Amino acid sequence: MPEANAHARTWWTRPGLDVRGGRLFVAGRDAEAIAREHGTPLYAHDLLRVSEQVRALQSAFGRAGLDGRVRLALKAQHASEVLRSVRALGEPGSPESVGMDVCSPGEIEWALEHGWRSDEISYTGTNLSDRDLDVILEHPGVHLNVDLITQIERVGRRARGRTIGIRVNPRGGAGFQGGGGTLYSGPRPTKFGIFPEQLGRALAVARRHDLTIDTVHFHVGDGYLNEGLSDLEDVVVRVADAVRSLQAEGCPIAEVNTGGGLGVPQRAGDRPLDLDRWASIMATHLGPLGVAVGTEPGDFLVKECAVNLAEVVTVEERDGALFVGLDIGWNAMGERFIYRSLLDLVLCRAADAPADREVTISGHINEGDDLFAENLPFAHVVEGDIVAAINVGSYNASMTSEHCLRPAAGSVFFTDRL
């Protein structure tokens, strides 16, 4: 088979995830051996990948001359072992440190328990209840970004005189599927954010409660790569206009929080996000405003830090379709089903082998849509083999459910590479 095709099969290789003698290795360890030792289903984490991604993003900020602030979206990955490694990247308040982006009271408590100071935590949620505010307001150092005018009113009633941020919806977005919009922000109205034409009303509500607006937040991304940067720049231009209008009204805007959505490659042919181009967009449009620029990715920081290892428990042909059944279901690896994310699956003992035929890879949840792949070209597979799901370090283990009372997958964490 031509080398180009062989490379396409292993497009995901990088330091910490490679193929040796045809076999998949994670953090320098044989993936199948990891599964045999620790049992399946299992998330195998390469924690060095997280630090590499953090430093790459921080360095891009520095080269662009920006006061950059990197936070981890806690909803993407909350394993204690991962958080310990992230906390160790820098002392609180230092340029090397990583803050926390949280979206629920429980996440505030989790971040505090894992060593973050309240002033390192940024809360951006939606539809705040008084019960939510009971917890949030217990920690005055937590910075609260409010995303609806009615929510500004609710916060004002409870915390007159507080400093807040506002989440704006610039009616555009950048996603891995293109189209200039996402579920967060686009041509259609979403449940998130204050529209630009509503800023005057939002400011009036804030002033009525003596609230100071010091941050403008926007989240418009969904796994975008270089092809999405033009869409992103269109949005940043609109946000910069909103910031200028608030500054003209006397709002001391100290930070523009650009949210997350920075992507990593998900298929053959994808190129890694050009971080210098990304940072240049921020520097061009936000730099002149005299603000810090925040970012709070999930995928970019942790998606590539883990694979999931599962055992093949069924290989059976059904009406001409070959079904390969795994000992894991969407309850424990649900990102594909919730976000329609792309997913690559690899046979650990033959990671670069030519495809034998197309298969349907299914899980063990008793639901018809528990299918990880259909018509997937795959190497010859037998019961007892170990299959790896690539790039599942975010939005998978953190979203585990109890459906069918199937348990969560196990986890193993490597702090070095052999």
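About the criteria used
- Residues numbered from 1 in each chain as written.
- Predicted model: local features only at pLDDT ≥ 70, side-chain atom pairs only at ≥ 80, totals over all residues.
- Heavy atoms only, no water.
- Helix = DSSP H or I, 4+ residues; strand = E, 2+ residues; numbered from the N terminus.
- Rg over C-alpha atoms; globule rule 2.2 N^0.38 Å.
- Pairing = 2+ DSSP bridges.
- Phe/Tyr/Trp six-rings, centres within 6.5 Å; stacked < 30°, edge-to-face > 60°.
- Lys NZ or Arg CZ within 6 Å of the ring centre and 35° of its normal.
- Axes fitted to C-alpha atoms, helices over the stretch in contact; angles between N-to-C directions.
- Parallel < 35°, antiparallel > 145°, perpendicular 65-115°, else oblique.
- Left-handed = near helix turned anticlockwise from the far one by under 90°.
- Contact = heavy atoms within 4.5 Å.
- Nonpolar A, V, L, I, M, F, W, Y, C, P; charged D, E, K, R; others polar.
- Buried < 20%, exposed > 50% of the residue type's maximum accessible area, 1.4 Å probe, protein only.
- 1 Å grid on protein atoms, 1.4 Å probe; cavity = no way out; pocket = protein on both sides within 12 Å on 5 of 7 lines; lining within 4 Å.
- Points joined across faces, edges and corners; volume = space filled by probe spheres on them.
- Arc of directions from axis to C-beta.
- Polar contact = N/O pair within 3.5 Å; in protein donor to acceptor, adjacent residues only side chain to side chain.
- Right-handed = clockwise from strand over helix to strand, strands pointing away.
- Core = buried A, V, L, I, M, F, W, Y, C linked by side-chain atoms within 4.5 Å.

Peer 1: Explanation requested: the overall build of the protein chain in the structure shown.
Peer 2: From N to C terminus, the protein chain includes 12 helices and 21 strands. In summary, the protein chain has a C-alpha radius of gyration of 22 Å against a globular reference of 22 Å for 418 residues, a match within 12%.

Peer 1: Whenever I open this one, the sheet that holds strand 1 (residues 17-20) confuses me. Can you help?
Peer 2: Strand-to-strand pairing in sheets goes through backbone hydrogen bonds, with the strands running parallel or antiparallel. Taken in spatial order, the three strands line up as 1-2-3 in an open sheet, and their pairing is antiparallel. Two strands in the sheet have a free side with no partner beyond their single neighbour: strand 1 and strand 3 (29-30).

Peer 1: Explanation requested: the packing of aromatic side chains in the structure shown.
Peer 2: What characterises a pair of aromatic rings is the spacing of the ring centres plus the angle enclosed by the ring planes. Taken as a whole, this structure holds five aromatic pairs when the rule is applied. Centroid distance tryptophan 330 to phenylalanine 337: 6.4 Å. Interplanar angle 50°. Geometry classified as tilted. Between tyrosine 339 and tyrosine 395, the ring centres sit 5.3 Å apart and the planes meet at 75°, which makes this aromatic pair edge-to-face. Remark: tyrosine 395 occurs in the loop between strand 20 (386-389) and strand 21 (410-414) and tyrosine 339 occurs in helix 12 (residues 335-339); sequence separation between them is 56 residues. Grouped by ring-pair contacts, the aromatic residues Trp330, Phe337 and Phe372 constitute a single cluster. Cation over ring: arginine 171 sits above phenylalanine 195, and NZ or CZ is 3.8 Å from the ring centre. The ring of phenylalanine 337 is capped by arginine 336, whose NZ or CZ atom sits 5.9 Å from the centre of that ring.

Peer 1: Before we go on, may I ask you to explain the packing of helix 9 (residues 229-248) against helix 10 (residues 275-285) in this structure?
Peer 2: What describes two packed helices is the angle between their axes and the distance between those same axes. Where helix 9 meets helix 10, the axes come as close as 9 Å, and the angle between the chain directions of the two elements is 25°. Here helix 9 is positioned roughly parallel relative to helix 10, judged by the angle of their axes. When the axes of helix 9 and helix 10 are compared, the crossing they make is right-handed. In contact with Leu229, Ser230, Leu232, Glu233, Val236, Val237, Ala240 and Arg244 of helix 9, helix 10 contributes Arg277, Trp278, Ile281, Met282 and His285. Tallied by class, the residues present in the contact of helix 9 with helix 10 amount to eight nonpolar, two polar and three charged.

Peer 1: Any chance you could explain the side chain of glutamate 32 here in plain terms?
Peer 2: Among the structural elements, glutamate 32 can be located in helix 2 (residues 31-38). In this structure, glutamate 32 is in contact with Arg23, Cys348, Arg349 and Ile386, ignoring residues within four places of it in sequence.

Peer 1: What should I look at first to understand the side chain of serine 362 in this one?
Peer 2: As for its placement among the helices and strands, serine 362 is situated in strand 18 (residues 357-362). When its relative accessible area of 13% is taken as the criterion, serine 362 is described as buried. Non-local contacts of serine 362, meaning those with residues more than four positions away in its chain, are made with Phe323, Val324, Gly325, Leu326, Asp370, Leu371 and Phe372.

Peer 1: When you look at empty space enclosed by the protein in this model, what are you seeing that I'm missing?
Peer 2: To find the voids left in a structure, one rolls a probe of water-molecule size over its atoms. Throughout the structure, instances matching the rule amount to four cavities of 30 Å³ or more. In this structure, the largest cavity spans a volume of roughly 70 Å³. Along the lines of polarity and charge, the residues of the lining of the largest cavity split into six nonpolar, two polar and three charged. Estimated volume of the second largest cavity: approximately 50 Å³. Together, Arg14, Pro15, Gly16, Leu17, Val26, Ala44, Asp46, Glu304, Cys305, Ala306 and Val307 line the second largest cavity. Those elements giving two or more residues to the lining of the second largest cavity turn out to be strand 4 (42-46) and strand 15 (306-318). Grouping the amino acids of the lining of the second largest cavity by side-chain chemistry returns seven nonpolar, one polar and three charged.

Peer 1: Would you explain the packing of helix 7 (residues 149-158) against helix 8 (residues 199-208) in this entry?
Peer 2: For the pair helix 7 and helix 8, the least separation of the axes is 9 Å and the interaxial angle reads 5°. By the angle between their directions, the pair helix 7 and helix 8 is classed as roughly parallel. Taken together, the residues of helix 8 that come into contact with helix 7 (itself represented by Ile149, Ile152 and Glu153) are Arg201, Ala202, Val205, Ala206 and Arg208. Taken together, the residues that form the contact of helix 7 with helix 8 break down as five nonpolar, no polar and three charged.

Peer 1: It is not clear to me how helix 2 should be interpreted in this structure. Could you clarify?
Peer 2: At 3.6 residues per turn, the α-helix brings residues three or four places apart onto the same side. By the burial criterion, the buried members of helix 2 are Ala31, Glu32, Ile34 and Ala35. Along the axis of helix 2, the buried residues cluster in a sector spanning 155°; they form a single face. Against the buried residues of helix 2 lie strand 2 (23-26), strand 3, strand 4, strand 15, strand 20 and strand 21. For helix 2, the N-terminal cap is aspartate 30; the gap from its side-chain oxygen to the backbone nitrogen of glutamate 32 is 3.1 Å. Backbone geometry just after helix 2 places glycine 39 at a positive phi near 90°.

Peer 1: Explain the sheet that holds strand 14 (residues 292-295) to me, please; I cannot follow it from the model alone.
Peer 2: Taken in spatial order, the eight strands close into a barrel running 5-6-7-8-9-11-13-14, and their pairing is parallel. The sheet shows a mean angle of 30° between the axes of neighbouring strands, taken without regard to direction. Sheet analysis places strand 8 (residues 143-146) next to strand 9 (residues 163-167), joined by two bridges and oriented parallel. Note on strand 9: the bridge partner recorded for asparagine 145 is glycine 165.

Peer 1: What exactly am I supposed to notice about the pairing of strand 14 here?
Peer 2: For a regular strand, side-chain orientation follows a simple rule: the groups alternate between the two sheet faces. Here strand 14 shows two buried faces, one formed by Ala292 and Gly294 and the other by Val293 and Thr295. With three bridges joining them, strand 5 (residues 68-73) and strand 14 adopt parallel strand pairing. Across the sheet, residue glycine 68 finds its bridge partner in strand 14, namely valine 293. Pairing of strand 13 (residues 255-257) with strand 14, which is carried by three bridges, proceeds in the parallel orientation. Bridging from a neighbouring strand, valine 256 pairs with valine 293 of strand 14. Regarding the hand of the β-α-β motif, the stretch spanning strand 13, helix 10 and strand 14 is right-handed.

Peer 1: Just checking my understanding: could you explain the nonpolar core for this structure?
Peer 2: The nonpolar side chains of a soluble globular protein tend to be buried, and buried together. In this structure, Met100, Ile152, Ile166, Leu232 and Trp278 are the most contacted members of the largest nonpolar core, which totals 82 residues. Top element by residues in this core is helix 9. It accounts for nine residues. Excluding residues within four positions of it along the chain, isoleucine 152 makes contact with Val146, Ile164, Ile166, Ile194, Ala202, Val205, Ala206 and Leu211.

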